[in-house]
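# Structural description and commentary
Chain by chain, the residues run as shown.
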There are 2 protein chains.
Amino acid sequence: MRKVYLAALSGLMLSFATMAQQNDSLVMKRISDDIMTRGMAYENLRFLCKNIGSRLSGSPQGARAVLETARMMREMGADTVFLQECMVPHWVRGEKETAKLILTNGREYALKAAALGNSVGTPAAGITANVIEVRSFDELEMVKQNVKGNIVFYNYPMNPTYIKTFKAYGDAGTYRGNGPSMAAKYGAVGVIIRSLASNPDDHPHTGATRYNDSFPKLPAIAISTNDADYLSNALRKKMVSRVYFKTSCKMLDDVISHNVVGEIRGTAFPEEMITVGGHIDSWDLAEGAHDDGAGCVQSMEVIRAFKTLGIRPRRTIRVVMFQNEENGLRGGTRYAELAKEDKRKYIFALESDAGGFTPRAFGVSGTEAQKEKLKNWAPLFYPYGIAEITDGGGGADIGPLKPLGTAMAGLSPDSQRYFDVHHAETDVFEAVSRRELHLGATVMAQLLYLVSEYGL
Amino acid sequence: MRKVYLAALSGLMLSFATMAQQNDSLVMKRISDDIMTRGMAYENLRFLCKNIGSRLSGSPQGARAVLETARMMREMGADTVFLQECMVPHWVRGEKETAKLILTNGREYALKAAALGNSVGTPAAGITANVIEVRSFDELEMVKQNVKGNIVFYNYPMNPTYIKTFKAYGDAGTYRGNGPSMAAKYGAVGVIIRSLASNPDDHPHTGATRYNDSFPKLPAIAISTNDADYLSNALRKKMVSRVYFKTSCKMLDDVISHNVVGEIRGTAFPEEMITVGGHIDSWDLAEGAHDDGAGCVQSMEVIRAFKTLGIRPRRTIRVVMFQNEENGLRGGTRYAELAKEDKRKYIFALESDAGGFTPRAFGVSGTEAQKEKLKNWAPLFYPYGIAEITDGGGGADIGPLKPLGTAMAGLSPDSQRYFDVHHAETDVFEAVSRRELHLGATVMAQLLYLVSEYGL
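In this text the structure is predicted, and so the values were computed from the model without any measurement.

### Notes on the overall build of chain A
- For chain A, the helix and strand inventory stands at 12 helices and 17 strands.
- Relative to the 2.2 N^0.38 estimate, which gives 23 Å for 456 residues, the radius of gyration of chain A is 24 Å and therefore close to what a compact globule would have.
- With respect to the principal axes defined by its C-alpha atoms, chain A has extents near 95 × 40 × 40 Å.
- Each of the 456 residues in chain A was classed as buried or not, and the buried ones make up 55%.
- The contacts of chain A with a sequence gap of at least 6 include a subset with a gap of at least 24, amounting to 83%.

### So, the pairing of strand 6 (residues 131-134) of chain B
All names here are of chain B.
- Note that strand 6 and strand 7 (residues 151-154) share four bridges and pair parallel. Paired with glutamate 133 across the bridge in strand 7 is phenylalanine 153.
- Each parallel crossover has a hand, and the one from strand 6 via helix 4 (residues 137-142) to strand 7 is right-handed.

### Thoughts on the environment of Val428(A)
All names here are of chain A.
- By secondary structure assignment, the location of valine 428 is in the loop between helix 11 (418-421) and helix 12 (434-454).
- As a C-alpha pair, valine 428 and histidine 203 span 225 residues in sequence and 13 Å in three-dimensional space.
- Those residues in contact with valine 428 that lie beyond four places of it in its chain are Cys49, Ala286, Glu287 and Ala289.

### Re helix 2 (residues 41-52) of chain B
Residues and elements named next belong to chain B.
- Between its terminal C-alpha atoms helix 2 stretches 15 Å, which fits the 16 Å expected from 12 residues at 1.5 Å a residue.
- Close packing links the buried residues of helix 2 with helix 3 (60-76), helix 7 (289-309) and helix 12 (434-454).
- Note on helix 2: the residue one or two positions beyond its end, glycine 53, has a positive phi of about 95°.

### Points about the interface of chain A and chain B
- Each partner contributes residues to the interface: chain A has 23 residues there, and chain B has 23 residues.
- Within the residue set of the side of chain A that touches chain B, elements represented by two or more residues are helix 1 (2-38) and helix 12 of chain A.

### A closer look at the nonpolar core
- In this structure, Leu45(B), Ile151(B), Val152(B), Ile221(B), Val302(B), Met444(B) and Leu448(B) are the most contacted members of the largest nonpolar core, which totals 126 residues.
- The element contributing the most residues to this core is helix 12 of chain B, with 10 residues.
- Each of domain 1 (27-90 + 253-454) and domain 2 (94-248) of chain B gives at least three residues to this core.
- Leaving out residues up to four positions away in the same chain, Leu45(B) has contacts with Ala289(B), Gly293(B), Ala294(B), Val297(B), Phe429(B), Val432(B) and Leu437(B).
- Membership of the second largest hydrophobic core comes to 124 residues, among which are Leu45(A), Ala114(A), Val240(A) and Ile274(A).

### What to know about the packing of helix 2 of chain B against helix 12 of chain B
Residues and elements named next belong to chain B.
- As a packed pair, helix 2 and helix 12 sit with axes 9 Å apart at the nearest point and diverge in direction by 110°. Comparing their axes, helix 12 and helix 2 come out roughly perpendicular. Residues Ala41, Tyr42 and Leu45 of helix 2 pack against Arg434, Leu437, His438 and Ala441 of helix 12.
- Residue composition of the contact of helix 2 with helix 12, grouped by class: five nonpolar, one polar and one charged.

### Some points on the relation of the copies chain A and chain B
- Superposing chain A onto chain B takes a rotation of 180° combined with a translation of 0.0 Å along the rotation axis, leaving an RMSD of 0.0 Å. In short, the pair behaves as if placed about a two-fold rotation axis. Judged by C-alpha distance, Ala387(A) is the residue of chain A that lies nearest the rotation axis, at 3.3 Å.
- Counting the interface residues of chain A, we find that 100% of their copies in chain B are interface residues as well, pointing to one common contact surface.

### Focus: the sheet that holds strand 10 (residues 240-246) of chain B
Residues and elements named next belong to chain B.
- Spatially, 3-2-10-5 is the arrangement adopted by the four strands of the open sheet, whose pairing is antiparallel. Every other strand in the sheet has two partners, leaving strand 3 (108-110) and strand 5 (127-129) as the edge strands with one partner each. Here the average twist between neighbouring strands, direction ignored, is 20°.
- Alignment of strand 2 (residues 98-103) against strand 3, held across three bridges, turns out to be antiparallel. Bridged to lysine 100 within strand 3 is alanine 110.

### A short note on the domain arrangement of chain A
Residues and elements named next belong to chain A.
- Domain assignment breaks chain A into domain 1 (29-87 + 254-454) and domain 2 (96-252).
- The straight-line distance from the C-alpha centre of domain 1 to that of domain 2 is 33 Å.
- With 14 residues of domain 1 at the interface, the matching set in domain 2 holds 19 residues.
- For the side of domain 1 that touches domain 2, the residue count by class is five nonpolar, six polar and three charged.

### What about the confidence of the model for chain A?
- Averaged over all residues, the pLDDT of chain A is 96; the fraction at 70 or higher stands at 96%.
- Across the interface, the model reports ipTM at 0.95; the global pTM reads 0.95.

### Some details on the environment of Pro313(A)
Residues and elements named next belong to chain A.
- Tracing the sequence through the fold places proline 313 in the loop between helix 7 (289-309) and strand 13 (315-322).
- Sequence-wise, proline 313 and proline 270 are 43 residues apart; in three dimensions their C-alpha atoms are separated by 9.0 Å.
- Sequence-distant contacts of proline 313, defined by excluding residues within four places in its chain, comprise Ile264, Gly266, Phe306 and Ser452.

### Section: the sheet that holds strand 13 of chain A
Residues and elements named next belong to chain A.
- The strand order across the open sheet built from eight strands is 1-11-13-12-14-17-15-16, with neighbouring strands paired in mixed fashion. With one partner strand each, in any of the chains shown, strand 1 (80-92) and strand 16 (388-391) form the two edges of the open sheet. Taking each pair of neighbouring strands and ignoring which way they run, the sheet shows an average axis angle of 25°.
- The pairing of strand 11 (residues 250-264) with strand 13 spans five bridges and is antiparallel. Paired with isoleucine 264 across the two strands is isoleucine 317, which belongs to strand 13.
- Those strands touched by helix 3 (residues 60-76) are strand 1, strand 11 and strand 13, and its axis lies near 5° from that of strand 11.

### Here's the deal with the packing of helix 2 (residues 41-52) of chain A against helix 3 of chain A
Residues and elements named next belong to chain A.
- Where helix 2 meets helix 3, the closest approach of the two axes is 11 Å, and the angle between their N-to-C directions is 155°. Comparing the axis directions of helix 2 and helix 3 gives the class roughly antiparallel. The interaxial crossing formed by helix 2 with helix 3 has right-handed handedness. Across from Asn44, Leu48 and Ile52 in helix 2, the residues of helix 3 making contact are Gln61, Arg64, Ala65, Glu68 and Met72.
- A per-class count over the contact of helix 2 with helix 3 returns four nonpolar, two polar and two charged.

### A few points about helix 2 of chain A
Residue and element names in this part refer to chain A.
- Listed as buried for helix 2 are Ala41, Tyr42, Asn44, Leu45, Leu48, Cys49 and Ile52. One side of helix 2 holds all its buried residues, which, seen down the axis, span an arc of 165°. Those residues of helix 2 that are exposed and aimed more than 90 degrees away from the buried face are Glu43 and Asn51.
- On its buried face, helix 2 is in contact with helix 3, helix 7 and helix 12.

### Describing unusual backbone geometry
Residue and element names in this part refer to chain A.
- The omega torsion across aspartate 291 and aspartate 292 is 0°, close enough to zero to call that bond cis.
- Within the secondary structure, aspartate 292 sits in helix 7.
- For histidine 423, which is not a glycine, the phi torsion comes out positive at approximately 65°.
- Mapped onto the secondary structure, histidine 423 falls in the loop between helix 11 and helix 12.
- Take histidine 423: there are 29 C-beta atoms within 10 Å of it, and that puts it in the buried class.

### A look at the environment of Arg312(A)
All names here are of chain A.
- Along the chain, arginine 312 falls in the loop between helix 7 and strand 13.
- In this structure arginine 312 comes out as partly exposed when scored by C-beta crowding, with 13 C-beta atoms within 10 Å.
- Each C-alpha atom, one on arginine 312 and one on histidine 203, is 46 Å from the other, the two residues being 109 residues apart in sequence.

What counts as what
- Residues numbered from 1 in each chain as written.
- Chains lettered and ligands numbered in written order.
- Predicted model: local features only at pLDDT ≥ 70, side-chain atom pairs only at ≥ 80, totals over all residues.
- Helix = DSSP H or I, 4+ residues; strand = E, 2+ residues; numbered from the N terminus.
- Rg over C-alpha atoms; globule rule 2.2 N^0.38 Å.
- Buried ≥ 20, exposed ≤ 12 C-beta atoms within 10 Å, placed from the backbone.
- Contact = placed C-beta atoms within 7 Å.
- Pairing = 2+ DSSP bridges.
- Right-handed = clockwise from strand over helix to strand, strands pointing away.
- Expected span 1.5 Å × (residues − 1).
- Core = buried A, V, L, I, M, F, W, Y, C linked by C-beta atoms within 7 Å.
- Domains from an automatic or database assignment.
- Axes fitted to C-alpha atoms, helices over the stretch in contact; angles between N-to-C directions.
- Parallel < 35°, antiparallel > 145°, perpendicular 65-115°, else oblique.
- Nonpolar A, V, L, I, M, F, W, Y, C, P; charged D, E, K, R; others polar.
- Least-squares fit on C-alpha atoms with pLDDT ≥ 70 in both.
- pLDDT = per-residue confidence, 0-100.
- Left-handed = near helix turned anticlockwise from the far one by under 90°.
- Arc of directions from axis to C-beta.

See the structure below:
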């Protein structure tokens, strides 16, 4: 009797579960249909890129982007929109860089160059010196006695055999980050790095360097991959007499800036906070379309879609335009500080900061139970091209939430084209595909829907 | 005793199998490393696009592409390179089309238009008539009594909610293919179709139409999606007085053309033929970069990589530049005819004709046993981004091999951007990503390696 009752109950529960899953599928389809048809992420990105432009922390455009994204979220119907104040570094590039090779035949070869973010400028007369090429820090060690008074040229390419380009970026990125101080340690007077780009091109790709306070701060530039090859060949052929470059970048005093937060309050568990975001700042060379205008407009799209479809989340959803990811992470750090002081619980955070390309996967972090729950939803995403939900994921801006026990996810779009445009003047609106961008927004909104319904 | 012997044997076999699989992984990695680093597909595509240009069947560029791809395969070291003669339709666009709305306010609105491939031209004076908009063939039936003497405008958009864009293309494509004859049935004098494009844009997207011989052949043009929206709105607001268009395209007599075949003879089973290809012809409006220069250079890359790496396939691999896929399929048909007459066995064919985008899957067709064998290799491809090997796949050009019992596969790249450029002037070299193209070539070469080693 009892067995029969249990069997019936379990049948009933199964059917509830099936019904719930079917309902989830339907809601996810409605989200997809809406965003793929009427989504505004692409037009909002156009605005960010074309009406505002580059949005470096501390710049006037950066400040304008704060106001405009706040306006967008208000117009989308967010229940609350507010700013979180934070101080940000204020680095300015100054005049356009000049860099050239002075060749042994008396001619000159102009290098396509850009100062590394956060780097100091050269003296007003620029730097003229011999250049020493190294392929790695190991090679630098081998030639350290020759470095003094010279310019070090790190010519370490992104490894083309890594199918996931972020792996190659992580690998090669150490020369941009640590190269200047490593060269300073041995008395160099300046640093040139090969741009972090996946393919040969003619654009310098900038990005932040990090000085080690134990050593002098050296002026540092990135040159295009084609120019890196040219320089390397010219050195091999003993064609280079000296190298000259001049930068007038500098770090000014910190200024006030803001994260922008738009909130839809949860109907059942408003004190359980779900965060989704991208970073609103960008490098100054381009429009920051893929990095990370895309993540910003995809995150805001969640509000638009939920409001349009009348989806009222059971938990509170917070869309955050993080400030200063590129050269300080002050916005992400501030967000976590405020979350720590908050009595509410920050259960989940999702970041999109890998470009507005076709979504392929989510990477997730958290407790085993949290990850298990997230991974169990994977089949619901197959129809939308998400092939897997894998271990390990999050993002720079949501990372500081980790000590609070927040489960995290990062959107993993296709990565093949990202480092063609990353931090270069080619990262413009035209490089973004409307369908790819909106498909990313779709799976993000779908994942937030599931977390808001079921918690973690 | 016997049992022990069997167990030992099966252990030995298992270890052989494991070793074989490990060896396969290593060879596949070598193929990937080579193509991602030194691949020539991208530069070959640049040549096809920039030095030759569009390659419509019967055109001088089409003939030149035959010679140049034959040269490329010879230079790559193919054991044999030869041509397969076939007759192809020779359709010419003639003068650039003009099309405009004559508005009730006396003004005109110029439409961005292109004649549909294979369509007849208008009289020299063009066609001026009223236009009747329909959203579907069902709607056409409803208004059929009003069609006589007028232009029918099929305004059926590609469905943006289909995540796989080829599904939307198949769905909407019937209006381009069958629309003119369906309108002719009811006495129309001309046809306008909304371009088959995934997104709003300002380019007409051409493509073949198919006349039904039971009805008069009507002149037919595609207009850009933005102009389709403009026309639809203008009609709704009663702003349109008449529509005018003029085309001077025509179908000339068939001409001689060729498939180009490059072969690497198999070392163990040379009589077992493996075919891989794309189509060398393209529409005339652009460079045919994604459609299907990409598939051509990816297929040729197999020869380059195998020769570079010293991989000697056990079965014969034939790389085929199919002729006339776009408006006749004469090359694919001829290839199968010759295969039928051939004593050798055509065991497998792989086609790449869905754009040079990041590869996501293979679709496979054949007997259950053939498909099973192909699908069992799926895990070997995961590191290269192939998420699955699914049922149903092949391609237009290899399709005619089906009666010979040939197992087939089609490369399925990401489809989000394809119909932004498909058959339009935007299908140019610059729309192709080097890494995406080379990754497609990589998984194609890897699959051919496995089939050449193990057969089917």
